[in-house]
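# Architecture at a glance
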Amino acid sequence: MTAQPYDLVIRGGTIGTASGTFQADVAIRGETIVALGQGLASGTRDIDATNKLVLPGGVDAHAHIEQVSAGGLLNADTFESATASAAFGGTTTVMPFAAQHRGLDLREVMNDYAALARRGAMIDYAFHMIVANPDAKTLATDLPELIAEGHGSIKVFMTYDLMKIDDEPLLDLLLTARQGQALVCVHAENHGMISWMGKKLVAKGYSAPKYHAISHPRGSEAEAFTRLIAAAALIDQPIMIFHVSTEEGAAVIRTARGQGLKVFAETCPQYLFMTRHDLDKPGLEGAKWMCSPPPREKSDQDALWRALALGDLQTISSDHAPYRFDETGKLSAGREPNFKQIANGLPGIETRLPLLFDALVSQGRPEFTGRGIEAFVELTATAPARIYNLPRKGAIQPGYDADIAIWDPRRQVTITDATMHGRTGFTPFSGRVVTGWPERVIVRGRDVVVGGELKGEPGMGRWLRRTGGWAATPTGRLAPEMDPATNFGASIL
Ligand code: URP
Ligand code: ZN
Ligand code: ZN
């Protein structure tokens, strides 16, 4: 008997990468892709992928899972439910948030959160560290140690009463990140504008969910981006701006990148497929479409697609932030809340890839004509893996983890609340019809979803140790105030 050279061969499909598509078999040994080629020898198992697209599993770099939110509420999803839901939607790596609220010890937060992930996750994961308590121990001890241990990114909020940090602690944080070479991710909106607008609207009786969209003025995004970028430029610290929602916000980022600043940015399906009108529903129903920043206008959607095509924005994440439409979630303040009392956030970990596949591959967004598959792979897998320094993820290539989604490009699916696998109980994308669906999802050579059936098990996901990598490396171009050659010799950084 001859030994099988491969454990698994995915045969006869079209491979999609960020730079092109080609017909090839994919051979996997253990957890790793070992060969691509035509007519490869049989494996212990062969999967027929004729007429299918064989794509890297998605990397969702922004998802709130089993976390106490910026509003103080626990997400509806556990690691088990969120990662199962992710896998059903073709995602094989996720980056959730270990959240240090005020008064909490970051080291303890990380230990507790890692234990939850170890128990529940079915796909691989790396953490962002949310810092809302940048005290001396956090800055001088915990962050440097945790970064060195393999947590290469930090997240901060410039808004939300419970989480926001002001300009001075933001500078402290940027400096600490620079010293450890971690990427700083930011929820950037002008807190004062949002808070003031919210109070004015509620006081005048405008309390329905749709007024949430009005309470986050468009300018609050561009203003916070501008202030954040100025702070990052002063420290020479690379940043990632989360969930860009407006045309003006994208323009601020384009300008900064044009100046050579290391500013990365993402947007999310809710800003590409929804508008503020989605919140305009009878009663409290619009709460299901409430997230921060809110969905904007059709013209913003078009501007964001353009910004993605030009590379001003580099990734599309879900910002999965699941809350049930009941007293545990959206209605936790009772049956008659004003919009300020309703949790912000949408479930989206399962719908991110099908919505984007439909738009980019099946419908063919005009900004990406001729490279829809490549753009889909780049924006949802390859770019996030590169930016967040996950070297074995986000591509189908020998030496990479065998994280693969096999897509049926012709399958038409109507997204409904009932077809979702998370614990939120609804999806804001209910009723949308998409063409293209991931029918088999594999993590490190193991089936997690096959033909709509869950095969993965809690605990099979693995934590991904990572440094900040290339994206987090400072440019070395110092602001004049920081350069001893131009600041009278002061050494600050
Ligand atoms: O509305 C949202 N996005 N909620 C989640 C928390 C955040 O802003 O990241
Ligand atoms: Zn945010
Ligand atoms: Zn978020």
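Further up the page is the structure itself.
Remember, it's a predicted structure, so these values are computed and weren't measured experimentally.

## With respect to helix α5 (residues 191-203)
The end-to-end C-alpha separation of α5 is 18 Å, in line with the 18 Å expected for 13 residues at 1.5 Å each. Here α5 has its buried residues at His-191, Ile-194, Ser-195, Gly-198 and Leu-201. Down the axis of α5, the smallest arc covering the buried residues is 135°, so these residues share one side. Residues Trp-196, Lys-199 and Ala-203 are exposed on α5 and point more than 90 degrees away from its buried face. In this structure, the buried side of α5 is in contact with α6 (210-215) and α7 (218-235). Its side-chain oxygen 3.0 Å from the backbone nitrogen of Gly-192, Asn-190 forms the N-cap of α5.

## Focus: the site of ligand 1
In the vicinity of ligand 1 lie 13 residues, with His-64, Lys-155, His-187, Ser-292 and Asp-319 positioned nearest. Measuring from a nitrogen atom of ligand 1, one finds a backbone N or O atom of Asn-344 at 3.2 Å. Contact with the protein chains removes 98% of the 260 Å² of surface that ligand 1 exposes when unbound. Broken down by class, the residue content of the shell around ligand 1 amounts to four nonpolar, seven polar and two charged.

## Regarding the sheet that holds strand β6 (residues 58-60)
Strand order in this open sheet of three strands is β6-β7-β9, and the pairing throughout is parallel. Edge positions in the sheet fall to β6 and β9 (124-125), since each of these pairs with one other strand and no more. Alignment of β6 against strand β7 (residues 91-94), held across three bridges, turns out to be parallel. Paired with Asp-60 across the strands is Val-94, a residue of β7.

## So, the side chain of Arg-178
As for its position among the elements, Arg-178 is in helix α4 (residues 167-180). Within the structure, the side chain of Arg-178 is placed 2.8 Å from the backbone oxygen of Ile-235, a separation counted as a polar contact. Apart from the residues lying within four places of it in its own chain, the contact partners of Arg-178 are Ile-235, Asp-236, Gln-237, Pro-474, Leu-478 and Leu-493.

Conventions adopted
Residues numbered from 1 in each chain as written. Chains lettered and ligands numbered in written order. Predicted model: local features only at pLDDT ≥ 70, side-chain atom pairs only at ≥ 80, totals over all residues. Heavy atoms only, no water. Helix = DSSP H or I, 4+ residues; strand = E, 2+ residues; numbered from the N terminus. Expected span 1.5 Å × (residues − 1). Buried < 20%, exposed > 50% of the residue type's maximum accessible area, 1.4 Å probe, protein only. Arc of directions from axis to C-beta. Contact = heavy atoms within 4.5 Å. Polar contact = N/O pair within 3.5 Å; in protein donor to acceptor, adjacent residues only side chain to side chain. Near = heavy atom within 4 Å. Areas by Shrake-Rupley, 256 points an atom, 1.4 Å probe, with all protein chains shown as cover. Nonpolar A, V, L, I, M, F, W, Y, C, P; charged D, E, K, R; others polar. Pairing = 2+ DSSP bridges.

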